[in-house]
Amino acid sequence: MTWDLTLALHLTKTFLAVTILLQSIEFLFLKAQLSRQKIWIPNLVRLLIVAGTLLVTILWKDTSHFYTAAWFSIWILTIWILRKLGGHFNGGSDSMTMVILTSLTLALLIPIEIVQVGLVWYICIQTLFSYFIAGISKLKEADWRNGLALKKLLLLSNYNVPPVIKSLTRDHYFIKTLSWLVILFELSAPLTLIHPELASAFVLIAVTFHFSNFLILGLNRFVWAWMASYPSLIYCAYYVAKNFN
Amino acid sequence: MSALFRFLKPFKLFIPSWNFFDRIEVLPALFYRTSSENTWTDWQRFQIETTRTPLHLILNPQENYFLYIQSQVERLLVEASEQKSDREVIALECYQRILELIIDTAGPQDLFQFKIVDLGNQNSSLLVSHEHETPKSTEVSK
């Protein structure tokens, strides 16, 4: 299977629409808690637009100016909502959502191939940074290298960590090995550009990694937000293979 | 230009920081107490107890809301250290958000107070708020 720009953008649109749809539905459940932030109406409007956009995307009817306008509206509403919430609601997942949403909106507004390729590359590079910088930061910390940071995170932090995972932290070698696996996985991100098959394997491991983070820390939004970035990652691996190998 | 800068200032979204969990030195947790008829309650930890199910992979609003509050707590610690006076700290948007949360959680009381402690350092206090009287004083300009 060869990944061309059309397929990469189509999959990005589909996954991003799902991501924003789920984020919007989550806000519906928090109407009482977030009543002071006054995001109810913009969120409802965003929900309706993104649901329609998702349907249009799935049906491959995504060529009209209305479709571009819909994504632009989603971009504006997302900024509006996050501003009302003080900049972000869920840290990294909001950042990744905005990276992809901004790039995708620009790619639709400027339908010139070289611009679109550049924006897909921007998503890819930010995705690689999201792992690699996190890996470097951990590698620099002695507590991450000896497993203490991960142990503290699982035992003492505010995340609702399942008791069975907490009990595993008693095994020092296990926790140290796990720390190093996380660090090495994150540092390996740039290698994905060497070959498309490496990129596919990395994506598979990354999905498992994010799913584990959901099971252990409850970070469900990261699974969906990063899912929308992988089509760009794989496209860029194919791009490198085609143009530089 | 300055209006645009002010509008974009709260957004760290356009300049992503990918240093996830790089330093686990401080593990801040939010505690609060209330007073009614001159009697203070014990400090209570703000926490949401949920049992995670596979469905939460799709929708997990309560845990995400808790993480939102946690991010406000972490932000307050950073921003409070940059302020010169207590008045400036109280005026911080994240301080007001936390106060609103306490008031919404505890319901009508005479006084409210919160503190942030470090779970990684024998629950030592990192920040203790003033005692706040009425919900009206917590209104934030939207």
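Just so we're clear, the structure is a prediction, and the values are computed from it rather than from any experiment.

A. Summary view of the overall build of chain B. Regarding its fold elements, chain B presents 4 helices and 5 strands. Reading the helices (α) and strands (β) of chain B from amino to carboxyl end gives α-β-β-β-α-α-α-β-β. The proportion of buried residues among the 142 residues of chain B is 44%. Within chain B, counting contacts between residues at least 6 apart in sequence, those at least 24 apart form 53% of the total. Approximately 8,200 Å² of chain B is accessible, and the part contributed by carbon and sulfur atoms is 52%.

B. Examining the overall build of chain A more closely. The number of helices and strands found in chain A is 12 helices and 0 strands. The helix and strand sequence of chain A, counted from the amino end, reads α-α-α-α-α-α-α-α-α-α-α-α. In terms of C-alpha radius of gyration, chain A reaches 19 Å, essentially the compact-globule figure of 18 Å for 245 residues. With respect to the principal axes defined by its C-alpha atoms, chain A has extents near 55 × 55 × 25 Å. Across the 245 residues in chain A, those meeting the buried criterion constitute 55%.

C. A look at the nonpolar core. Counting 99 residues, the largest nonpolar core has Trp71(A), Leu30(B), Leu76(B) and Phe114(B) as its most contacted members. Counting residues per element, this core draws most heavily on helix α1 (residues 5-29) of chain A, at 9 residues. With sequence-adjacent residues up to four places away left out, Leu30(B) is seen in contact with Gln44(B), Arg45(B), Phe46(B), Ile69(B), Val73(B), Ile98(B), Leu101(B), Ile102(B), Phe114(B), Lys115(B) and Ile116(B). Counting residues in each nonpolar core, the second largest holds 5 residues, with Leu27(B), Phe31(B), Val117(B) and Leu119(B) among its members.

D. Summary view of the packing of helix α5 (residues 113-140) of chain A against helix α12 (residues 230-244) of chain A. Residues and elements named next belong to chain A. Following both chains from N to C, one finds α5 and α12 inclined at 110°, their axes separated by 8 Å at the closest point. Between α5 and α12, the crossing angle belongs to the class labelled roughly perpendicular. Residues Val117, Val120, Trp121, Ile123, Cys124, Thr127, Leu128 and Tyr131 of α5 lie in contact with α12, whose contacting residues are Tyr230, Ser232, Leu233, Tyr235, Cys236, Tyr239 and Val240. Partitioning the contact of α5 with α12 into residue classes produces 13 nonpolar, 2 polar and no charged.

E. Focus on the interface of chain A and chain B. Contacts between the two partners involve 59 residues from chain A, matched on the other side by 51 residues from chain B. Between chain A and chain B, the buried area comes to about 5,000 Å², and carbon and sulfur atoms account for 59% of it. The largest share of the area that chain A buries against chain B comes from Arg36(A), Arg83(A) and Asn158(A), three residues that together contribute 17% of it. The interface formed by chain A and chain B includes 1 salt bridge. Close ionic contact of Arg36(A) with Asp104(B) constitutes a salt bridge, the shortest N to O distance being 3.1 Å. Where chain A packs against chain B, one counts 18 residue pairs in polar contact (both at pLDDT 80 or more).

F. Spatial organisation of the confidence of the model for chain B. All names here are of chain B. In the predicted model, chain B carries a mean pLDDT of 81, and 79% of its residues have values of at least 70. In this model, residues 137-142 is a region of pLDDT below 50 whose contacts with residues beyond four sequence positions or in other chains number 14 contacts. Scoring of the predicted complex yields 0.89 for pTM and 0.89 for ipTM.

G. Structural view of the side chain of Thr192(A). Residue and element names in this part refer to chain A. Tracing the backbone through its elements, the reader meets Thr192 in the loop between α9 (172-187) and α10 (196-217). A relative accessible area of 1% means that Thr192 is categorised as buried. Setting aside residues up to four positions removed in sequence, Thr192 forms contacts with Leu128, Leu198, Ala199, Phe202, Leu233 and Ala237.

Conventions adopted
- Residues numbered from 1 in each chain as written.
- Chains lettered and ligands numbered in written order.
- Predicted model: local features only at pLDDT ≥ 70, side-chain atom pairs only at ≥ 80, totals over all residues.
- Heavy atoms only, no water.
- Helix = DSSP H or I, 4+ residues; strand = E, 2+ residues; numbered from the N terminus.
- Buried < 20%, exposed > 50% of the residue type's maximum accessible area, 1.4 Å probe, protein only.
- Contact = heavy atoms within 4.5 Å.
- Areas by Shrake-Rupley, 256 points an atom, 1.4 Å probe, with all protein chains shown as cover.
- Rg over C-alpha atoms; globule rule 2.2 N^0.38 Å.
- Core = buried A, V, L, I, M, F, W, Y, C linked by side-chain atoms within 4.5 Å.
- Axes fitted to C-alpha atoms, helices over the stretch in contact; angles between N-to-C directions.
- Parallel < 35°, antiparallel > 145°, perpendicular 65-115°, else oblique.
- Nonpolar A, V, L, I, M, F, W, Y, C, P; charged D, E, K, R; others polar.
- Buried area = accessible area lost by both parts, 1.4 Å probe.
- Salt bridge = Lys/Arg side-chain N within 4 Å of Asp/Glu carboxyl O.
- Polar contact = N/O pair within 3.5 Å; in protein donor to acceptor, adjacent residues only side chain to side chain.
- pLDDT = per-residue confidence, 0-100.

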